[in-house]
Amino acid sequence: MEVKSCRSEEEVFRRSMMETVSRGDSVSVNCSPASQNIQMSTPRSIPLTIRNTHSIPAKREFRASSAPLIPNPFPELCSPTHSPVLTGSLGGRDSASNSSTHVLRVYGDATHSRTVFVTSGTTAHDVCKMLAQNAHCTDEESWALIEHHSALRLERCLEDHELVVKVQSSWPVESGTKLIFRKNYAKYEFFKKPVLFFPEHMISDSADVTKGITSSELVQNMVKSGSCPEIQGFLHVREGGKKSWKKVYFVLRRSGLYCSNKGQSKEPRHLQFAGDLEDLNVFTVFNGRKRYGAPGEHVFCIKASKDRFRCQDLKLMCADSEQSRTCWITAFRLFKHGKQLQCNYQLSQSSARLHKASRPDSKYTDREESMVAMDFSGKDGGRVIQNPHEAQNAEQEEGHNWRKREALRHSLPTSGHGSQLSAVHRVQPWFHGGVSRTEAQRLLEEQGQVDGMFLIRDSQLHAQCFVLSLCYELKKKHYLIIPLEQEDKQYYTMDDGDTLFTDLLQLVEFHQINRGILPVRLKHPCTCIAL
């Protein structure tokens, strides 16, 4: 009878334990052989809950799998990696989904920045458009996102189709890397003037020019179709981890980058494969002579996308001139992205046309190609001037006549209000105050240094004078603007008094229409905004 009662009690105990496991409750038993058998019978796929040693009703048990997600009010302070890109999902759920929200910090200058909420599918073009609208920029054209690595002195303009979250996911932790929002007029300038970006001496001899087509026509046809001719030339190169530079002959083709181990020979047995374009990113190096001991200032580097941002992973190259460096970087972009760059350019052009059409003064925005020189001196009406020398003389004469008419209309008021009118230039986007000559050249280089890009600054050598800094043919030129007083009125001039202007705003507006003594008309103001 005692054996039967023991068996019945054991069966009741086993049944109660099975019911407890089926409810998902935790079990607290002694370390006996019987309890070990019961513990191992619990399925491993069922998550065990956490409960205190005190008895708590089943309804109040805390289950980690069903706990609600508490939104983080300060994601930037609680990020585990201190990255500027912060995911909005916890536990890694939905990390690959485009609906997940990320916080992106973009800088307008060294101190001012703006936070933007983006998704995983947001492109660089979307971010630029968003920032331009939020900053109330007068135009949305030529804005770009710059990937800036201050420690390595590297910069790269993101392509419009690149995903910003994917780009920042490759950054090292706590490296000081950031995104900068600024103008880049040279981003698609090679589509407008391809011959200036691809010098004839850098185009490979293997290019097909035997069918009665010149090298300039070949470049224009290939660039318009989203392609690029084969580029060749000498570059000073420094491998990762080394300090010495050596001069090597490189050839850039669609299949990749090659270097010759025997002079300028391009025979297959002498060419060594140096990199796959699909896996390479090209960066511009600033202060390369000081940072890396480069033989010149025109330094750029290539880095594999999978490699980390370290000095030993960079392949530094130094060109002989700014035109040569621009040619190499442009060819890298065209070979890597091809027709995608052409689609990006067409998208930017269409967006710019829509923005101009929506402006109230869009009826006055005539295209530069539609302007022709006219002569209205005769009695029979105006005529189109076909001779370029006659058109240039008419331009200078019209400039003098226009200046005389404006001087009569806009005579300066008394000295009590003269200081207010003379300071109208300080609110213009092209005026940069007391920046130095070196800083002005750096600003022009950062924004593309295309023909006609300019800024005006205070002269540091001459009191009450200004300096016009202008880009032409990838070179920086500086013109002194001198104040001149005539008949108790103050004017400004750049040509020793031949042409006078009442203020700097009038000087800029005149040279946006007439070239005057400048090599090119003023077209693109060098602009800096505070986000």
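Here, every reference points to the structure presented above.
Here's a quick rundown of the structure. One numbering rule holds for all chains: residues counted from 1, following each sequence as written. Per-residue local features of the predicted model are confined to residues with pLDDT of at least 70, and side-chain atom pairs are confined, for both listing and counting, to 80 or more; whole-chain, interface and lining totals are unaffected and use all residues. Excluded from the side-chain calculation are hydrogens and water; included are all heavy atoms of the structure.

Re the pattern of salt bridges
Here is step 1 of the chain: Any carboxyl oxygen of Asp or Glu that lies within 4 Å of a side-chain nitrogen of Lys or Arg is treated as forming a salt bridge with it. Taken as a whole, this structure holds 16 salt bridges when the rule is applied.
Here is step 2 of the chain: The residue glutamate 322 makes a salt bridge to arginine 325 at a minimum N-O spacing of 2.8 Å. Residue glutamate 322 and its partner arginine 325 are both found in helix α9 (residues 322–337); the two are separated by three residues, about one turn of the helix. With respect to burial, glutamate 322 and arginine 325 carry one shared label: buried.
Here is step 3 of the chain: Among the charged side chains, a network of salt bridges with common partners joins Glu155, Arg182, Glu439, Arg442 and Glu446. In this text, helices come from DSSP runs of H or I with a minimum length of four residues, and strands from runs of E with a minimum of two, each type numbered from the N-terminal end. Accessibility here uses a 1.4 Å probe with only protein chains present; expressed as a share of the type maximum, an area under 20% marks a residue as buried, one over 50% as exposed, and anything in between as partly exposed.

With respect to the nonpolar core
Here is step 1 of the chain: Counting 35 residues, the largest nonpolar core has Phe198, Phe250, Leu252, Trp328 and Phe332 as its most contacted members.
Here is step 2 of the chain: The dominant element in this core, judged by the number of residues it contributes, is α9, at seven residues.
Here is step 3 of the chain: Working rule for contacts: check all heavy atoms of both residues, and any pair within 4.5 Å makes them a contact. Aside from chain neighbours lying at most four places away, what touches phenylalanine 250 is Ile231, Gln232, Gly233, Leu235, Val237, Leu257, Tyr258, Cys259, Met317 and Trp328.
Here is step 4 of the chain: What makes a nonpolar core is a set of buried Ala, Val, Leu, Ile, Met, Phe, Trp, Tyr and Cys residues whose side-chain atoms join them at distances within 4.5 Å. Listed in part, the 34 residues of the second largest apolar core include Val116, Trp171, Leu179 and Tyr292.

What to know about the environment of leucine 334
Here is step 1 of the chain: Positionally, leucine 334 belongs in helix α9.
Here is step 2 of the chain: Residue classification places leucine 334 among the buried positions, given a relative accessible area of 0%.
Here is step 3 of the chain: Each C-alpha atom, one on leucine 334 and one on valine 223, is 8.1 Å from the other, the two residues being 111 residues apart in sequence.
Here is step 4 of the chain: Not counting the four nearest positions on each side in its chain, leucine 334 is found in contact with Phe190, Phe198, Val223, Gly226, Ser227, Cys228 and Leu341.

Examining the packing of aromatic side chains
Geometry of an aromatic ring pair is reported as the spacing of the ring centres plus the angle between the planes.
Here is step 1 of the chain: Two aromatic rings from Phe, Tyr or Trp, using only the six-membered ring of Trp, form a pair when their centres are within 6.5 Å; if the ring planes differ by under 30 degrees the pair is stacked, by over 60 it is edge-to-face, and anything between is tilted. Enumeration over the complete set of coordinates arrives at 12 aromatic pairs.
Here is step 2 of the chain: Their ring planes at 40° and their centres at 6.4 Å tell us that tyrosine 188 and phenylalanine 191 sit as a pair that is tilted. Residue tyrosine 188 shares its accessibility class with phenylalanine 191, and that shared class is buried.
Here is step 3 of the chain: Taking 5.0 Å as the distance between ring centres and 70° as the angle between the ring planes, the aromatic pair formed by phenylalanine 234 and tyrosine 249 counts as edge-to-face. Of this pair, phenylalanine 234 sits in strand β7 (residues 231–238) while tyrosine 249 sits in strand β8 (residues 246–253), and the two are 15 residues apart along the sequence.
Here is step 4 of the chain: Taking relative accessible area as the criterion, phenylalanine 234 reaches 31% and is therefore assigned partly exposed.
Here is step 5 of the chain: These aromatic residues form a ring-pair network of at least three members: Tyr188, Phe190, Phe191, Phe197 and Tyr345.
Here is step 6 of the chain: One Lys or Arg, lysine 247, reaches over the ring of phenylalanine 234 and ends 5.4 Å from the middle of that ring. In this analysis the charged atom, NZ for Lys or CZ for Arg, is taken to sit over a ring once it is within 6 Å of the ring centre and within 35 degrees of the ring normal.

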